[in-house]
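Coordinates in review
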Amino acid sequence: MKLSFEIDPKEYSGPFNLDLTINSGQTSQPAWLMKDGYFQELIIVDNQHCLIKIKQENLEGVLDIEAESEENLELESIRTNLMDIFGLNDDLNTFYNFLRKDSKLKPTIDFCTGLRLFKAHDPFECIISSISSANCSIIRWNRSIKDIKTKWGKEYKFDSTSWYSFPSPDILKTVPEHDLEEMDRCDNKFPDDHSFDKNLKSCGVGYRAKYMIKTAEIIQNNIKIEDIPEMSYKQAFDTMLDLPGVGPKVADCILFYGFGFKEAFPVDVWIGRIVSDMYFKGNEIKPIKAREFGMKKFSNNAGYVQLYMFHYARKSGLLDRIRQKNKD
DNA sequence: GCCCAGGTCTCCG
DNA sequence: CGGAGACCTGGG
């Protein structure tokens, strides 16, 4: 099934910059592939995998969307999904009024106009990729996620291009952790080239491999992912903390980028330093304190403020100054 | 070849 | 509870 439709700016409140939203380095998922002028990704709609191509000709214009799937899908389901993924239900005008009331935050608007939450299209993938992102470079964990998809995901072909879904918890919980385990499982029927590369460590995830397998198992056995959005923030946070490889920073990333909890304030070293610089005269405060500060001060806007703070710091030169200061 | 970045876990007081 | 050190890998 193939269909195309548009989303009109009248359907959402405030500006939207698709390119900025996809490429601002938000920690939920690798950026969507840019090809033939469209951002493209395989997403899940009504439990079906569906290839989305989306384009924004100009910032005031409509979004052009093409969708393709093996089964028939409701256009309205796809629209609802995309509105959710790109934060189009968030009222940016109201948010900007909030930013303008804080002299420290007001300047972020000019650097971030149209930047929205880029929400994960698959919450389980978001949980695993957030675990792989901890203590790891963006390039490395993006590559890991791609590897995991090609090794254990299901293949979908559209226009002779192959797309791979992210494997479900019941698949991921059974994958071999490292090459020795993979070898043990193959009953001495070695591959011709004697290479063992269908194990998690071969995807470059390092010591996080065991966390991911255990997390997949816990989710499969003890957690209903669809219950999480119904929980209070605190309850959801504690649920995430029980997963191995998930600390406060990763938990908040999962809650904000994966489930859309707006009161989460994920603090990595950089956000910690930015908060220290903007609100504590450069006196370095501990990440856990920065988190408490952000949640209290920004409440339901905390997630978005974090997003805007980081992008602003990158573009305004603040981040470079902080970097320089930390070298001395 | 060596050192560094980057959150979480584990261990120790 | 708070602090210190280990953890895996890619890049400079």
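None of these values were measured; they are calculated from a predicted model.

**A closer look at the protein's contact with DNA strand B**
The environment of DNA strand B is formed by 18 residues, the closest being Asn135, Gly245, Gly247, Asp268 and Trp270. Among the atoms of DNA strand B close to the protein, meaning within 4 Å, 60% are from sugar or phosphate groups. Within the contact set of DNA strand B, a phosphate oxygen lies 3.5 Å away from a backbone nitrogen or oxygen of Pro248. With respect to DNA strand B, the backbone of Val250 contributes an N or O atom lying 2.8 Å from a phosphate oxygen. When contributions to the surface near DNA strand B are tallied by element, the ones reaching two or more residues are helix H9 (208-222), helix H11 (248-258) and helix H12 (269-279).

**So, the protein's contact with DNA strand C**
By nearness alone, every residue bordering DNA strand C is listed as Asn135, Arg140, Arg143, Gly206, Tyr207 and Lys286. Of all atoms in DNA strand C that approach within 4 Å of the protein, 81% are sugar or phosphate atoms. Tyr207 is positioned with one of its backbone polar atoms (N or O) 3.5 Å from a sugar or linking oxygen of DNA strand C. Partitioning the surface near DNA strand C into residue classes produces one nonpolar, two polar and three charged.

**With respect to the pattern of salt bridges**
Summed over the entire model, instances satisfying the criterion amount to 17 salt bridges. A salt bridge links Glu41 to Lys149; the nearest nitrogen and oxygen atoms lie 3.9 Å apart. With Glu41 in strand S3 (residues 38-45) and Lys149 in helix H6 (residues 138-152), this residue pair connects regions lying 108 residues apart in the sequence. Taken individually, Glu41 and Lys149 each receive the classification buried, so the pair is uniform in this respect. Its relative accessible area of 11% is what places Lys149 among the buried residues. Through salt bridges that share partners, Lys2, Lys53 and Asp159 make up one connected network.

**Description of the packing of aromatic side chains**
In the structure shown here, the tally under the stated rule is 23 aromatic pairs. For the pair Phe95 and Tyr304, a centre-to-centre distance of 5.3 Å together with 55° between the ring planes defines the contact as tilted. With Phe95 in helix H3 (residues 92-100) and Tyr304 in helix H14 (residues 302-316), this pair connects stretches of sequence that are 209 residues apart. Side by side, Phe95 and Tyr304 carry an identical accessibility label, which is buried. Three or more aromatic residues link up through ring pairs in this structure, and these residues are Phe95, Tyr96, Phe98, Phe256, Tyr257, Tyr304 and Tyr308. A cation over a ring is seen here: Arg208 above Tyr207, with NZ or CZ 4.4 Å from the ring centre. The side chain of Arg291 reaches across the aromatic face of Phe237, ending 4.1 Å from its centre.

**Regarding the confidence of the model for chain A**
One rule of thumb: low pLDDT means the predicted coordinates there are not for detailed reading. Per-chain confidence: chain A averages 93 in pLDDT, with 97% of residues scoring 70 or above. The secondary structure element of chain A with the lowest average pLDDT is helix H8 (residues 179-184), at 81, and the one with the highest is H3, at 98.

**Side note on the sheet that holds strand S1 (residues 2-7)**
Within the open sheet, the five strands sit side by side as S1-S5-S4-S3-S2. Their pairing is antiparallel. Across the chains shown, the open sheet's two edge strands, defined by having one partner strand only, are S1 and strand S2 (33-35). Strand-to-strand twist of the sheet, defined as the mean angle between neighbouring strand axes without regard to direction, takes the value 30°. Where S1 meets strand S5 (residues 63-69), six bridges bridge the pair, whose relative direction is antiparallel. Bridge pairing in S5 places Lys2 opposite Glu68. Contacts between helix H2 (residues 75-85) and the sheet are confined to S1, S3, strand S4 (48-56) and S5, with S1 contributing the most and set at about 50° to the helix.

**Some remarks on the environment of Ser202**
Position of Ser202 among the secondary structure elements: in the loop between H8 and H9. Assessed through its relative accessible area of 29%, Ser202 is described here as partly exposed. In this structure the C-alpha to C-alpha distance between Ser202 and Ser144, which are 58 residues apart in sequence, comes to 8.8 Å. Among residues more than four places away in sequence, those in contact with Ser202 are Asp147, Lys151 and Asp197. At 2.7 Å, the side chain of Ser202 forms a polar contact with the backbone oxygen of Asp197.

Definitions and cut-offs
- Residues numbered from 1 in each chain as written.
- Chains lettered and ligands numbered in written order.
- Predicted model: local features only at pLDDT ≥ 70, side-chain atom pairs only at ≥ 80, totals over all residues.
- Heavy atoms only, no water.
- Near = heavy atom within 4 Å.
- Polar contact = N/O pair within 3.5 Å; in protein donor to acceptor, adjacent residues only side chain to side chain.
- Helix = DSSP H or I, 4+ residues; strand = E, 2+ residues; numbered from the N terminus.
- Nonpolar A, V, L, I, M, F, W, Y, C, P; charged D, E, K, R; others polar.
- Salt bridge = Lys/Arg side-chain N within 4 Å of Asp/Glu carboxyl O.
- Buried < 20%, exposed > 50% of the residue type's maximum accessible area, 1.4 Å probe, protein only.
- Phe/Tyr/Trp six-rings, centres within 6.5 Å; stacked < 30°, edge-to-face > 60°.
- Lys NZ or Arg CZ within 6 Å of the ring centre and 35° of its normal.
- pLDDT = per-residue confidence, 0-100.
- Pairing = 2+ DSSP bridges.
- Axes fitted to C-alpha atoms, helices over the stretch in contact; angles between N-to-C directions.
- Contact = heavy atoms within 4.5 Å.

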